[in-house]
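Reading the structure
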Amino acid sequence: MAETLMRLNMSDAQQLMLDRSSSSRVKVLGKILAELDQKHLSVEECDLAIQVIEKFAADTEVQVRVALAQQITNSPYLRRDLAEKLARDVAEVAIPVLIDARVLTEEFLIEVVGEGDRGKQEAVAQRAEISDQLAHSLVESNNSRAVELLMRNNKTTLSEDIYIKALDRYPDYEPISYSMIERDSLPGVVIEKLVFLVSEELRQELMRRHHISAGLSRDLARKARETATVSLIKPIATKHGDIERLVSHLHNSSRLSASLLFRALCSGELIFFKTGMAKRAGVTLEAAEALFVDHGPDALIRLFAQAGLSRSLIAPFTSAMMALQELEEVATTNKPADRHTLQVAVLGRVFKDCGDTEDPLVDELLSQLVSELPHEVVEEAMERGGIPFLPF
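In this text, all values refer to a predicted model and were calculated from it rather than measured experimentally.

Before going further, it helps to spend a moment on the overall build of the chain. In terms of regular secondary structure, the chain is built from 24 helices and zero strands. In the chain, buried positions account for 47% of the 392 residues. Here the analysis covers contacts within the chain between residues at least 6 apart in sequence; of these, 63% occur between residues at least 24 apart. Here the chain has roughly 19800 Å² of accessible surface; of this, 52% comes from carbon and sulfur atoms.

Okay, structure coming up:
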């Protein structure tokens, strides 16, 4: 075999002396790689062949380096240092390696993405295996085409968090939304967010591809709209007049639902909740607050009846309010609770007081809320509420 490699090298050396074109060097490169692929070279011969190949990575002609990258990317003889050298080259050379070379580490790929070359970012987005950290760097790269390719890449599995980050960063960019819709499967919360964000045409495609009924689509859109509404409350919470205007708008458009009021309450938006209850009951905010302060069963039954809400919902709403009051009392001596602590405390109290309920309205109210919360919040709340599993 050494003679074969020697004949190959001597023959091609003579050819290269007569023909110094890049196509001639590409031809020699192909022959050496073919010898390697046949796997009948000795260890010493392999090392010699690889050393010759690595010389081509420094060739002055881009065409030669491109040929090297294309032919060696999937080779077991591609060493990490050579792969990194090719990946650092111009995009035309780097792209095949960035897409397929398995020897490149996550840290190196994140570094490449951070360097800002759009062609290289788009190549990385097409890899078969992409970690959450690498996917996050792509979403944050300010390259919408790379994010689109990442969403279109069915070879890799993406976490729910990556989908949400992409939609939050590019809520109005339909190529990204459509690429998500075209994936084989999507997490439920991502489908829900897409239903709310996309055009009617894309919504129909989402329903068709992921087998969503029209009724479920409407329910998902409503839930997503309520989640978005709750996120609007905090910025205007210090302006009571703005809260009243938002509540009036929601009431007039028949969107001031029990689930929206409960979501707001469990997010700590007590003023919005009380203003909403007053609006639904047709009483002043002061009158509604007086009934809440009373905490007597008759007073709350009367308020919920006037608001058109079932008396079975009094228990979860009251539990949430009590949890918030306890947090307020603690906050007088310490800093206010952060969002995670607040959600765990409120949901834990509701689980403790209402976890064994058999009322379908309460079950539905809690299941809608739980589906929107981070998994770790729900688990901590279940532990605090003393329930081993969700009862709905």
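Here we come to the nonpolar core. Counting 67 residues, the largest nonpolar core has Leu-150, Met-151 and Met-180 as the members making the most contacts within it. Setting aside its immediate chain neighbours within four residues, Met-180 contacts Met-151, Tyr-163, Ala-166, Leu-167, Leu-186, Val-190, Leu-194 and His-210. Listed in part, the 56 residues of the second largest apolar core include Leu-260, Ala-264, Leu-300 and Phe-304.

Right, let's talk about the environment of Glu-326 for a bit. For Glu-326, the position within the fold is in helix 21 (residues 314-331). Taking the C-alpha atoms as reference points, Glu-326 and Val-346, separated by 20 residues in sequence, lie 9.7 Å from one another. Side chain to side chain, Glu-326 and Arg-349 meet in a polar contact 2.7 Å long.

This paragraph deals with the pattern of salt bridges. Counted by the stated rule, this structure contains 14 salt bridges. Look at the salt bridges and you will find they share partners, linking Arg-145, Glu-148, Arg-152 and Glu-182 into a network.

Turning next to the packing of helix 22 (residues 339-354) against helix 23 (residues 360-370). The relative placement of two packed helices comes down to the angle between their axes together with the axis-to-axis distance. The interhelical angle for the contact between helix 22 and helix 23, taken along N-to-C directions, is 155°, at an axis separation of 12 Å. Comparing their axes, helix 23 and helix 22 come out roughly antiparallel. Every pair of crossing elements has a handedness; the one defined by helix 22 and helix 23 is left-handed. Residues Leu-347, Val-350, Phe-351 and Cys-354 of helix 22 lie in contact with helix 23, whose contacting residues are Val-362, Leu-366, Leu-369 and Val-370.

Turning our attention to helix 17 (residues 258-266). Most of helix 17 is tucked away, with nine of its nine residues classed as buried. Every buried residue belonging to helix 17 is among Ala-258, Ser-259, Leu-260, Leu-261, Phe-262, Arg-263, Ala-264, Leu-265 and Cys-266, and all of these are buried. Positive phi appears at Gly-268, one or two residues downstream of helix 17, with a value of about 90°.

Orientation of helix 9 (residues 132-139) relative to helix 11 (residues 160-169), taken along the N-to-C sense of each, is 5°, at an axis distance of 10 Å. As the angle between them shows, helix 9 and helix 11 are arranged roughly parallel. Taking contact as the criterion, the partners of Asp-132, Ala-135, His-136 and Val-139 in helix 9 are, on helix 11, Ile-162, Lys-165, Ala-166 and Arg-169. When its residues are assigned to classes, the contact of helix 9 with helix 11 shows four nonpolar, one polar and three charged.

In this structure, Asn-142 takes a positive phi of about 65° despite not being glycine. Residue placement: Asn-142 occurs in the loop between helix 9 and helix 10 (144-152). Note on Asn-142: relative accessible area 53%, which makes it exposed. One non-glycine residue, Ser-254, lies in the positive phi region at around 60°. The topology assignment puts Ser-254 in the loop between helix 16 (240-252) and helix 17.

Moving on to the side chain of Ser-179. Within the fold, Ser-179 resides in helix 12 (residues 174-181). Since its relative accessible area comes to 1%, Ser-179 is described here as buried. A distance of 3.1 Å separates a polar atom in the side chain of Ser-179 from a polar atom in the side chain of Arg-152. Setting aside anything within four residues of it in sequence, one finds Ser-179 in contact with Glu-148, Met-151 and Arg-152.

On the surface, Glu-376, Glu-379, Glu-380 and Glu-383 cluster together to form a negatively charged patch. Structurally, Glu-383 can be placed in helix 24 (residues 375-385). On the basis of relative accessibility, which here comes to 68%, the residue Glu-383 falls in the exposed class.

Our next topic: the environment of Leu-303. Relative to the elements of secondary structure, Leu-303 occurs in helix 20 (residues 297-306). Separated by 22 residues in sequence, Leu-303 and Ala-281 place their C-alpha atoms 6.5 Å apart.

This brings us to the confidence of the model for the chain. When the pLDDT values of the chain are averaged, the result is 83; 85% of them are 70 or greater. The spread of mean pLDDT over the elements of the chain runs between helix 1 (residues 2-18), the lowest at 47, and helix 8 (residues 118-124), the highest at 98. Contacts of residues 1-8 to residues separated by more than four positions or lying in other chains number 11 contacts, the stretch itself having pLDDT below 50.

With that settled, consider the packing of aromatic side chains. Under the criterion given, the structure shown has five aromatic pairs. Centroid distance Phe-262 to Phe-317: 5.1 Å. Interplanar angle 70°. Geometry classified as edge-to-face. Here Phe-262 is found in helix 17, whereas its partner Phe-317 is found in helix 21, with 55 residues between them in sequence. As far as the burial class goes, Phe-262 and Phe-317 line up, both buried. Ring geometry for Phe-273 versus Phe-317: centroids 5.4 Å apart, planes at 20°, classification stacked. One end of the pair, Phe-273, is in helix 18 (residues 270-281); the other, Phe-317, is in helix 21, with 44 residues separating them in the sequence. With a relative accessible area of 0%, Phe-317 lands in the buried category. Linked through ring pairs, Phe-262, Phe-273, Phe-292, Phe-304 and Phe-317 together constitute an aromatic cluster.

About the thresholds
Residues numbered from 1 in each chain as written. Predicted model: local features only at pLDDT ≥ 70, side-chain atom pairs only at ≥ 80, totals over all residues. Heavy atoms only, no water. Helix = DSSP H or I, 4+ residues; strand = E, 2+ residues; numbered from the N terminus. Buried < 20%, exposed > 50% of the residue type's maximum accessible area, 1.4 Å probe, protein only. Contact = heavy atoms within 4.5 Å. Areas by Shrake-Rupley, 256 points an atom, 1.4 Å probe, with all protein chains shown as cover. Core = buried A, V, L, I, M, F, W, Y, C linked by side-chain atoms within 4.5 Å. Polar contact = N/O pair within 3.5 Å; in protein donor to acceptor, adjacent residues only side chain to side chain. Salt bridge = Lys/Arg side-chain N within 4 Å of Asp/Glu carboxyl O. Axes fitted to C-alpha atoms, helices over the stretch in contact; angles between N-to-C directions. Parallel < 35°, antiparallel > 145°, perpendicular 65-115°, else oblique. Left-handed = near helix turned anticlockwise from the far one by under 90°. Nonpolar A, V, L, I, M, F, W, Y, C, P; charged D, E, K, R; others polar. Patch = residues over 30% accessible without salt bridge, like charges linked within 9 Å, V, L, I, M, F, W, Y side chains within 5 Å. Lys, Arg positive; Asp, Glu negative; His and termini not counted. Charge placed at Lys NZ, Arg CZ, Asp CG, Glu CD. pLDDT = per-residue confidence, 0-100. Phe/Tyr/Trp six-rings, centres within 6.5 Å; stacked < 30°, edge-to-face > 60°.

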